[in-house]
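Coordinate analysis (summary)
Single-letter residue listing:
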Amino acid sequence: KKVVISAGHLIHRKGIEDFLEMAKRMPDIIFLWFGGGNNALIPAEIKKAVAEKPENVIFAGFQPSGILRDAYCGADAFAFFIPVYEGWLTDGEQVRKASNLDSYEQAVRDILYEEPREKVRRRIRAGRALAEEHSMRATGEKLYQIEQKLL
């Protein structure tokens, strides 16, 4: 089966409700969520939605970084429902963006079943290059260069 993953606290801002709705719309796909949060801080409506999750949703909880990394590497798609990526990820270049649940569902189906594999591989390469550009190593090197100029 195809697997779509996401991660974060079980809060509105992270998009858990949209994640669960997408799973309902696409029962042929496994939806895997990493993370959770302090149970006392999870809103009642989210607790209820999680308790009534579709069968194709798996809540994996918090996992060590190596397991999370392996899950990201093995997933078919990542779901990010928050606007934090605006301004530096380009639709069609490193990612597919959607503005509502219908367009999100279409984007996921395109990625998993319709788009030519080379188009998907190009987007993966572009995303990896951007991630490496913003990696801890690259950021550290930039900060070191700034420090050297200041000294």
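Refer to the structure above for everything that follows.
Criteria and cut-off values
Residues numbered from 1 in each chain as written. Predicted model: local features only at pLDDT ≥ 70, side-chain atom pairs only at ≥ 80, totals over all residues. Heavy atoms only, no water. Patch = residues over 30% accessible without salt bridge, like charges linked within 9 Å, V, L, I, M, F, W, Y side chains within 5 Å. Areas by Shrake-Rupley, 256 points an atom, 1.4 Å probe, with all protein chains shown as cover. Salt bridge = Lys/Arg side-chain N within 4 Å of Asp/Glu carboxyl O. Helix = DSSP H or I, 4+ residues; strand = E, 2+ residues; numbered from the N terminus. Buried < 20%, exposed > 50% of the residue type's maximum accessible area, 1.4 Å probe, protein only. Core = buried A, V, L, I, M, F, W, Y, C linked by side-chain atoms within 4.5 Å. Contact = heavy atoms within 4.5 Å. 1 Å grid on protein atoms, 1.4 Å probe; cavity = no way out; pocket = protein on both sides within 12 Å on 5 of 7 lines; lining within 4 Å. Points joined across faces, edges and corners; volume = space filled by probe spheres on them. Nonpolar A, V, L, I, M, F, W, Y, C, P; charged D, E, K, R; others polar. Phe/Tyr/Trp six-rings, centres within 6.5 Å; stacked < 30°, edge-to-face > 60°. Pairing = 2+ DSSP bridges.

Moving on: a nonpolar patch on the surface. Where nonpolar side chains cluster on the molecular surface, the patch consists of Leu 143, Ile 146 and Leu 150 and spans about 340 Å² of accessible area. Relative to the assigned elements, Ile 146 resides in helix H6 (residues 136-150). By relative accessible area, Ile 146 is classed as partly exposed at 47%.

Our focus in this paragraph is the nonpolar core. Counting 22 residues, the largest nonpolar core has Val 4, Phe 19 and Phe 31 as the members making the most contacts within it. Among the secondary structure elements, those contributing two or more residues to this core are helix H1 (16-25), strand E2 (29-34), helix H2 (44-51) and helix H4 (101-114). Looking at this core element by element, the count peaks at five residues for H1. When near neighbours in sequence (up to four residues on either side) are disregarded, Phe 31 contacts Val 4, Phe 19, Met 22, Ala 23, Met 26, Asn 56, Val 57 and Ile 58.

Our next topic: the pattern of salt bridges. All told, the structure shown has 13 salt bridges when counted by the stated rule. Linking Glu 115 and Arg 123 is a salt bridge whose minimum nitrogen-to-oxygen distance equals 2.4 Å. Take Glu 115: its relative accessible area is 9%, and that puts it in the buried class.

Approximately 1700 Å³ is the volume found for the largest pocket. What lines the largest pocket is a set of 42 residues, among which Ala 77, Phe 78, Phe 80, Gln 94 and Val 95 lie closest to the centre. Mapped onto the lining of the largest pocket, the elements with two or more residues apiece are helix H3 (65-74), strand E4 (77-78), H4 and helix H5 (117-133). Ranked by residue count, the leading element in the lining of the largest pocket is H5, at nine residues. Tallied by class, the residues present in the lining of the largest pocket amount to 25 nonpolar, six polar and eleven charged.

Moving on to the side chain of Arg 123. Inspection of the secondary structure puts Arg 123 in helix H5. On the accessibility criterion, Arg 123 (6% relative accessible area) is buried. When neighbours within four sequence positions are excluded, Arg 123 is seen to be in contact with Gly 92, Glu 93, Gln 94, Val 95, Arg 96, Ile 111 and Glu 115.

The next thing to look at is the packing of aromatic side chains. In this description, an aromatic ring pair is defined by two values, namely the gap between the centres and the angle between the planes. According to the stated counting rule, one finds five aromatic pairs in the structure shown. Taking 4.9 Å as the distance between ring centres and 70 degrees as the angle between the ring planes, the aromatic pair formed by Phe 19 and Trp 33 counts as edge-to-face. You can see Phe 19 sitting in helix H1 and its partner Trp 33 sitting in strand E2, a full 14 residues away along the chain. Each of the two residues, Phe 19 as well as Trp 33, counts as buried. Taken together, a centroid distance of 5.1 Å and an interplanar angle of 70 degrees make the contact between Tyr 72 and Phe 78 edge-to-face. For Phe 78, a relative accessible area of 41% puts it in the partly exposed group. What links up through ring pairs into an aromatic cluster is the set Phe 19, Phe 31 and Trp 33.

Take the pairing of strand E1 (residues 2-7) next. Across six bridges, E1 lies against E2 in parallel orientation. Bridge assignment links Ser 6 to a residue of E2, and that residue is Trp 33. With two bridges connecting them, E1 and E4 associate as parallel partners. When the bridges of E4 are listed, Ile 5 appears paired with Phe 78.

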